[in-house]
Amino acid sequence: MATQVSPPKIQGESKGPNLLATKPLNLLMEEARETGEHSLKRTLGVFQLTALGVGAIIGAGIFVMVGLGAQYAGPGLSLSFVLSGLGCAFAGLCYAEFAAMIPLAGSAYTYAYATLGELLAWIIGWDLTLEYAMGASTVSSGWSNHFIELLNIFHIKMPLWLAYDHWTALKIAENMIARQMAQAADSSLVAGSQAFLDKVSAITSTQSPELLQRAHELLGAPHLFGMEVGLNLPAFIIALVITAILVVGIKESARFNAGIVVIKVSVVLFVIALGARYINVSNWGTDWHSYAPNGFAGIGAGAAYIFFAYIGFDAVSTTAQEAKNPQRDLPIGMIASLAICTVLYIAVAGVLTGMMHWQQINIEAPVARAFLDRGLTTASHIITLGALAGLTSVMLVMLLGQTRVLYSMANDGLLPKKFFAAVHPKFRTPWKNTILVGLLAAIVGSLTPIDDIGRMVNIGTLLAFVIVSVSVMVLRRTNPNQPRPFRTPWVPLIPILGVIANGYMMLRLGMWNWIRLIVWLAIGLVVYFAYSVKHSRVQAIAAGRTPEA
């Protein structure tokens, strides 16, 4: 039987669908107070929330992105991390105000619904799908790569066609052959150096018959209907394992995540402590020009690239309906996790650029290679283990965030409620949509070359940050007297800085990322006008109807 809701005043009420109708705050707060077997279970404290934030942020990015960032920023890489961290901090303070004021699952989607209207809320909800679901698929593939590295340590080899999707496996086979050909052509080239990588790139770009023939022979893939096939089996399995953990319960998921976080933070601290013994301060430079060889523009470019290592802290806000004391604990969890990770990132960047000259830093595996060059083989293996643990928790938090956003959208009628908002009577988790999201992540991660999708994740995240920053300013004007357990300081300065910093990094991502984002949002608008606007609870209230159960 449908729950009778007294129709509140909808902003911009009209006879037809009002695409800019906002969801009343009193309705949001009523939902936040719901309890029972059909609501999510409140079990998370400040430690678990902080651990979720750290789990989402620290992944393989810290062990990989620093190499690329150093090519732009030089020894000033630590300053690049400061700039990226500030961009996230501005948005994080805005997230914290909303999370404490509106303790509901849904994150930026829910906040936009309360301030900017239903259409923009749908756009940001669809955008968050780009961040979380596609991000989880990308991470599952990255997890697989590090798992293969871990197997290699124990001299266990998986066939390429079973370790990667077909296109990636063939590309890796071509790259392996090109490396052999590059080394044979010039034995003086150092593997991993820019000159070596340029030579390898030149060989692969020619796509010579010899290269292709040797690559297919190395691949050794079976054929189905006359076509080579490939399946990233590790990526498929890990996505299903994480899905099972999420279905069983939020408390169990948080406990698993906390264990993984302890492992990977320990590895990062190990890297900092051991690497500090091999620092040569002259590598940091003696003046501004040697510290920042490409000037402030180089530091800014480095910040735009390594921003990817920060993605995920906003996922903490999606667990608002599962926090025991969301008004106090959510702001602490988000801000503390962001601060902890920023300090660790700056320290790792300082150690790496101190261990070796920035021009000699390996691009492919910068931290592991820096230790290998000093004969610290065991340390490099520990780093691989840390990256694997990091990606495991990142995937868990991304899938968790996605399922909670879908849960919120379904409760609002924008998606089928009986499926996406169905809560398991025992586990108290949105189990049906969790299984669907997990299966999709497993399939996409195991069968698809997802480099381009991975780039889409970043622009989607930045768009969410910009919208939340704008939303804080809007709600301060439209509902100035609403109780705010946590208030973003220095409004409108902090939100404006959040818009500028994150908008700038969006611009640095290039035209093709913008085109992909626009296409993705266009698909979302088709879904909205075909289904969501007809089943929206807010539209029903505005029309004087009783919302669907």
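For the structure itself, consult the block above.
Residues numbered from 1 in each chain as written. Predicted model: local features only at pLDDT ≥ 70, side-chain atom pairs only at ≥ 80, totals over all residues. Heavy atoms only, no water.

Trainee: In this structure, what is going on with helix α2 (residues 46–57)? I would like to understand it.
Mentor: Every α-helix carries 3.6 residues per turn, so stepping three or four residues along brings you back to the same face. With 12 residues, α2 ought to run about 16 Å at 1.5 Å a step, and its terminal C-alpha atoms sit 17 Å apart, in line with that. Buried-residue contacts for α2 involve α12 (250–275), α15 (326–355) and α17 (377–411). (Helix = DSSP H or I, 4+ residues; strand = E, 2+ residues; numbered from the N terminus. Expected span 1.5 Å × (residues − 1). Contact = heavy atoms within 4.5 Å.)

Trainee: Honestly, the packing of aromatic side chains in this entry has me stumped. Any pointers?
Mentor: Aromatic ring pairs are reported here in terms of the distance separating the ring centres and the angle at which the planes meet. One pass over the structure, following the stated rule, counts 14 aromatic pairs. Look at W126 and W520: their rings are 5.0 Å apart centre to centre, the planes differ by 25°, and that puts the pair in the stacked class. Within this pair, whereas W126 is found in helix α6 (residues 118–153), its partner W520 is found in helix α22 (residues 511–535), the two being separated by 394 residues in sequence. Its relative accessible area of 15% is what places W126 among the buried residues. When the ring of Y310 is compared with that of Y345, the centres are 5.1 Å apart and the planes differ by 65°; the resulting orientation is edge-to-face. One end of the pair, Y310, is in the loop between α14 (295–306) and α15; the other, Y345, is in helix α15, and 35 residues separate them in sequence. One exposure class covers both Y310 and Y345, and it is buried. (Phe/Tyr/Trp six-rings, centres within 6.5 Å; stacked < 30°, edge-to-face > 60°. Buried < 20%, exposed > 50% of the residue type's maximum accessible area, 1.4 Å probe, protein only.)

Trainee: Explanation requested: the nonpolar core in the structure shown.
Mentor: In summary, soluble globular proteins display a tendency toward joint burial of nonpolar side chains. Counting 141 residues, the largest nonpolar core has I58, F63, F81 and F371 as the members making the most contacts within it. Here the element with the most residues in this core is α17; it accounts for 17 residues. If near-sequence neighbours (up to four positions away) are discounted, F371 is found in contact with V271, L274, G275, M355, L376, A379 and I383. Counting 11 residues, the second largest nonpolar core, distinct from the first, contains L160, A169, A173 and A215. (Core = buried A, V, L, I, M, F, W, Y, C linked by side-chain atoms within 4.5 Å.)

By themselves, these observations are geometric and do not establish any function.
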